[in-house]
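Structural overview for review
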Amino acid sequence: MLLNADFLRLKMKGQKVVLTNGGSIDFMSDSLTSGRRFRTFNVIDDFNREILAIEIDTSLPSSRVVRTLLRLFETYGKPNTIRMECKACPRV
């Protein structure tokens, strides 16, 4: 699953919810029974466990990830932090 992060919903402005404290993003991959691989890019509001976005494709270029994040910033506001676990990075 994703990380320990909180999207705190502090105030409502009309229909727009403002997220101010941060969030979690994660990349996952799997394969179909045919062997074809696919990837997912997930963004979750951990405060209320709402999934804000899931992008699924055989390839997820950085431009698509940026476009997804910008769309979420327009909808929910820009968070102070975005956290992501780097499983491939060695712990120091």
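Being a predicted model, the structure only gives us computed values, none of them experimental.

How each quantity is defined
- Residues numbered from 1 in each chain as written.
- Predicted model: local features only at pLDDT ≥ 70, side-chain atom pairs only at ≥ 80, totals over all residues.
- Heavy atoms only, no water.
- Helix = DSSP H or I, 4+ residues; strand = E, 2+ residues; numbered from the N terminus.
- Buried < 20%, exposed > 50% of the residue type's maximum accessible area, 1.4 Å probe, protein only.
- Areas by Shrake-Rupley, 256 points an atom, 1.4 Å probe, with all protein chains shown as cover.
- Salt bridge = Lys/Arg side-chain N within 4 Å of Asp/Glu carboxyl O.
- Pairing = 2+ DSSP bridges.
- Polar contact = N/O pair within 3.5 Å; in protein donor to acceptor, adjacent residues only side chain to side chain.
- Phe/Tyr/Trp six-rings, centres within 6.5 Å; stacked < 30°, edge-to-face > 60°.
- pLDDT = per-residue confidence, 0-100.
- Contact = heavy atoms within 4.5 Å.

1. With respect to the overall build of the protein chain
Across its full length, the protein chain carries one helix and six strands. Ordering the α and β elements of the protein chain from the N terminus gives β-β-β-β-β-α-β. Looking at the protein chain as a whole, 34% of its 92 residues are labelled buried. Surface summary for the protein chain: the accessible area is close to 6,500 Å², and the carbon and sulfur share equals 54%.

2. Some details on the pattern of salt bridges
Summed over the entire model, instances satisfying the criterion amount to three salt bridges. For the salt bridge of Arg-64 with Glu-55, the shortest nitrogen-to-oxygen distance reads 2.8 Å. Taking relative accessible area as the criterion, Arg-64 reaches 17% and is therefore assigned buried. Between Glu-55 and Arg-71 there is a salt bridge, with the nearest N and O atoms lying 3.8 Å from each other. Of this pair, Glu-55 sits in strand β5 (residues 50-57) while Arg-71 sits in helix α1 (residues 62-76); the two residues are 16 residues apart in sequence, bridging distant segments of the chain. Judged by relative accessible area, which is 40%, Arg-71 ranks as partly exposed. Sharing partners across several salt bridges, the network here consists of Glu-55, Asp-57, Arg-64 and Arg-71.

3. So, the pairing of β5
Bridge analysis of strand β4 (residues 37-45) against β5 gives seven bridges, and the strand direction is antiparallel. Bridge pairing in β5 links Asn-42 to Ile-54. Remark: four residues form the turn of the hairpin made by β4 and β5, two consecutive strands paired antiparallel; Arg-49 in that turn has positive phi of roughly 65 degrees.

4. Digging into the side chain of Asn-42
One can find Asn-42 in strand β4. Among the polar contacts listed, one links the side chain of Asn-42 to the side chain of Thr-40, at a separation of 3.3 Å.

5. Structural notes on the packing of aromatic side chains
A complete count under the given rule lists one aromatic pair for this structure. Summarising the aromatic geometry, the rings of Phe-27 and Phe-41 are spaced 5.0 Å apart at their centres and angled 35 degrees between planes, so their arrangement reads as tilted. Of this pair, Phe-27 sits in strand β3 (residues 23-31) while Phe-41 sits in strand β4; the two residues are 14 residues apart in sequence, bridging distant segments of the chain. Taking relative accessible area as the criterion, Phe-41 reaches 0% and is therefore assigned buried.

6. A word on the confidence of the model for the protein chain
Mean pLDDT over the protein chain: 75, with 70% of residues reaching 70 or higher. Highest mean pLDDT in the protein chain belongs to β5 (92); lowest belongs to strand β1 (residues 9-13) (36). Note that pLDDT drops below 50 for residues 1-17; the model gives that stretch 60 contacts with residues more than four away or on any other chain.

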